[in-house]
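# Coordinates in review
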Amino acid sequence: HSTAIYNSGNNTVTINAVPNASGTAVLAINTSLFHENSTVTINLNGATQVFIDTNIDTCVGPACSFNFDSSINFNSPTNYAEQVVWNFVNATNLNFGSMFGGAVLAPLAAVANTNQIDGTLIAASFNGGGELHSYAFTGTLPNALIPEPSALLLFGGALGWLGAVRARPAAALTKS
């Protein structure tokens, strides 16, 4: 079971990935985990892909905004940029003032940065004042996104049946 823990004694956030047999680790966190002047460490622990569902828990009405303040220090974000996906599930506005690593999925959010983002960005809009470095995700997306071979066979059979049904009236007309 992957964990994310804030230690107020030394103002650190530690994310420990615990991968399954296929190397995948999944965890859910709230943005209230990140504190001003904190240091964030991600331990992959052998995980080849880490999915972090990140909930902004300081929403005001429908606006869910979060600022990764420049005082937040992510340790070595380029070391895990290709293995980590941050899924900002409810974000409407994100600002990256600190160096950040990993793919950022925020399709409903206006994203801005004043520092470096190492990863891939998917957002409603982007206003870049800092650098955006492309680190492609090297993991494997869940199988639910890929059709099963039996589903493809069924789909192909249905298309063939529709083609045969459409061709039959045309053939009957030419025989008359």
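The shown structure was predicted, so the numbers you read here are calculated from the model rather than taken from an experiment. (Residues numbered from 1 in each chain as written. Predicted model: local features only at pLDDT ≥ 70, side-chain atom pairs only at ≥ 80, totals over all residues. Heavy atoms only, no water.)

To continue, consider the overall build of the protein chain. Counting its regular elements, the protein chain contains one helix and 14 strands. Within the protein chain, the fraction of its 176 residues that count as buried is 32%. Of the contacts formed within the protein chain by residues at least 6 apart in sequence, a portion of 53% connects residues at least 24 apart. Accessible area of the protein chain: about 9700 Å², with a carbon and sulfur share of 58%. (Helix = DSSP H or I, 4+ residues; strand = E, 2+ residues; numbered from the N terminus. Buried < 20%, exposed > 50% of the residue type's maximum accessible area, 1.4 Å probe, protein only. Contact = heavy atoms within 4.5 Å. Areas by Shrake-Rupley, 256 points an atom, 1.4 Å probe, with all protein chains shown as cover.)

For the coordinates displayed, the defined rule picks out one disulfide. The partner cysteine of Cys59 in its disulfide is Cys64, sulfur to sulfur 2.1 Å. Disulfide Cys59 to Cys64: torsion about the S-S bond roughly 115°, handedness right-handed. On the basis of relative accessibility, which here comes to 33%, the residue Cys59 falls in the partly exposed class. For Cys64, a relative accessible area of 7% corresponds to the buried category. (Disulfide = S-S within 2.5 Å.)

Moving on, we come to the pairing of strand β11 (residues 103-113). Sheet topology note: the strand β8 (residues 84-88)/β11 ladder contains three bridges and is parallel. The residue of β11 that forms the bridge with Asn87 is Leu105. Here β11 runs beside strand β13 (residues 121-128); their pairing, made up of seven bridges, is parallel. Counted as the bridge partner of Val111 is Phe126 from β13. (Pairing = 2+ DSSP bridges.)

Let us now look at the nonpolar core. One recurring pattern in soluble globular proteins is that nonpolar side chains are buried together. In this structure, Phe34, Trp86 and Phe88 are the most contacted members of the largest nonpolar core, which totals 34 residues. For this core, the secondary structure elements donating two or more residues are β2 (12-16), β3 (24-30), β4 (39-43), β5 (49-55), β6 (65-68), β8, β9 (93-96) and β11. (Core = buried A, V, L, I, M, F, W, Y, C linked by side-chain atoms within 4.5 Å.)

Just geometry here; none of it tells us what the structure is for.
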